[in-house]
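Residue strings, one per chain:
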Amino acid sequence: MSVQQSPPSGHRDPRDELPEHLPALRAFAISLTRNVAVADDLVQDTIVKAWTNFDKFTEGTNLRAWLFTILRNTFYSDKRKHRREVPDPEGIHAASLFVKPAHDGHLAFTDFRAAFDQLSPEHREVLILVGASGFAYEDAAQMMGVAVGTVKSRANRARARLAELLGLEKGEEIFSGVDGQTMAVMSRSGMTAA
């Protein structure tokens, strides 16, 4: 049985901060996996790995970025392990989990979600990290293991592709008249049609 040491004065124990990051971790996991149950398992695996490796966490650094990095690496490691599984390219299973929209706001979100799902995994990932989660390009680059310029380039191409898929005119705001759910996903990206 190990004894937990108190964090240096002025710093909260990162274990106490973990619950604050669960909603963001879950949202990121859902965006990566496209499946709520698998996302919940991924978040659980992430928390277990983080908990057992807190000795590797550097006090004073960005805990959320560290957790997102663990989640992302776990996702891609699992993906490599399960390459031989049967994919769902037509989205038949995913479509069975879909609830029909109740009003126009949900219809707009449905259009957004359909377009977002057509983006490459790299483009979805960068928009979720930089846009929805609000990470700086530098933090996203560190989590993704790429250069800052690569993150900026991917984000720009992803925004342009999303605008194209949504049929936006040049300069048209992507979220004019759209509901809060869609705004929560992408509002920090500053998306307009290219």
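Residues numbered from 1 in each chain as written. Predicted model: local features only at pLDDT ≥ 70, side-chain atom pairs only at ≥ 80, totals over all residues. Heavy atoms only, no water.

Draft legend 1. Molecular detail of a positive patch on the surface. A cluster of basic residues, Lys-49, Lys-79, Arg-80, Lys-81 and Arg-83, forms a positive patch at the surface. It is helix H3 (residues 63–81) that contributes the most residues to the positive patch, three residues altogether. Looking at the element boundaries, Lys-81 is found in helix H3. (Patch = residues over 30% accessible without salt bridge, like charges linked within 9 Å, V, L, I, M, F, W, Y side chains within 5 Å. Areas by Shrake-Rupley, 256 points an atom, 1.4 Å probe, with all protein chains shown as cover. Salt bridge = Lys/Arg side-chain N within 4 Å of Asp/Glu carboxyl O. Lys, Arg positive; Asp, Glu negative; His and termini not counted. Charge placed at Lys NZ, Arg CZ, Asp CG, Glu CD. Helix = DSSP H or I, 4+ residues; strand = E, 2+ residues; numbered from the N terminus.)

Draft legend 2. Geometry of the side chain of His-21. Assignment of secondary structure puts His-21 in helix H1 (residues 14–33). Taking relative accessible area as the criterion, His-21 reaches 8% and is therefore assigned buried. At 3.0 Å, the side chain of His-21 and the side chain of Arg-64 are in polar contact. Setting aside anything within four residues of it in sequence, one finds His-21 in contact with Leu-63, Arg-64 and Leu-67. (Buried < 20%, exposed > 50% of the residue type's maximum accessible area, 1.4 Å probe, protein only. Polar contact = N/O pair within 3.5 Å; in protein donor to acceptor, adjacent residues only side chain to side chain. Contact = heavy atoms within 4.5 Å.)

Draft legend 3. The arrangement of the side chain of Arg-72 in detail. Along the polypeptide, Arg-72 turns up in helix H3. Given a relative accessible area of 13%, Arg-72 falls into the buried group. Of note is the side chain of Arg-72, whose polar atom sits 3.2 Å from the backbone oxygen of Met-144. Other than its neighbours up to four places away in sequence, Arg-72 contacts Phe-28, Leu-32, Glu-125, Met-143 and Met-144.

Draft legend 4. Representation of unusual backbone geometry in the model. Positive phi is not limited to glycine here, since Arg-34 has a value of about 65 degrees. Within the fold, Arg-34 resides in the loop between H1 and helix H2 (36–52). By relative accessible area, which is 32% here, Arg-34 ends up partly exposed.

Draft legend 5. Quick peek at the pattern of salt bridges. A full pass over the atoms with the stated rule returns four salt bridges. Between Arg-26 and Asp-40 there is a salt bridge, with the nearest N and O atoms lying 2.5 Å from each other. Placement of the pair is Arg-26 in helix H1 and Asp-40 in helix H2, with a sequence separation of 14 residues. Linking Asp-117 and Arg-34 is a salt bridge whose minimum nitrogen-to-oxygen distance equals 1.8 Å. Taken together, the positions of Asp-117 in helix H5 (residues 104–118) and Arg-34 in the loop between H1 and H2 put the pair 83 residues apart, joining distant regions of the chain. The class of Asp-117 is partly exposed, set by a relative accessible area of 36%.

Draft legend 6. Focus on H2. In this model, H2 (17 residues) spans 24 Å end to end at C-alpha, consistent with the 24 Å of a helix rising 1.5 Å per residue. Those residues of H2 that sit buried are Ala-39, Leu-42, Val-43, Thr-46, Ile-47 and Ala-50. Buried residues along H2 cover an arc of 135 degrees about the axis, so they all sit on one side. Opposite the buried face of H2, at more than 90 degrees from it, the exposed residues are Gln-44 and Thr-52. Check the buried side of H2 and you find it contacts H1 and H3. Put simply, Asn-35 is the residue that caps the front of H2, since its side-chain oxygen is 2.9 Å from the backbone nitrogen of Ala-37. (Expected span 1.5 Å × (residues − 1). Arc of directions from axis to C-beta.)

Draft legend 7. Main features of the packing of aromatic side chains. This model, assessed by the stated rule, comprises eight aromatic pairs. Ring centres of Phe-68 and Phe-135 lie 4.9 Å apart, and the angle between their planes is 70 degrees; this geometry places the pair in the edge-to-face category. With a gap of 67 residues between them, Phe-68 in helix H3 and Phe-135 in the loop between helix H6 (121–132) and helix H7 (137–144) connect regions that are remote in the sequence. On the basis of relative accessibility, which here comes to 0%, the residue Phe-68 falls in the buried class. Among the aromatic side chains, those forming a connected cluster through ring pairs are Trp-51, Phe-54, Phe-57 and Trp-66. Cation over ring: Arg-15 sits above Trp-51, and NZ or CZ is 5.6 Å from the ring centre. (Phe/Tyr/Trp six-rings, centres within 6.5 Å; stacked < 30°, edge-to-face > 60°. Lys NZ or Arg CZ within 6 Å of the ring centre and 35° of its normal.)

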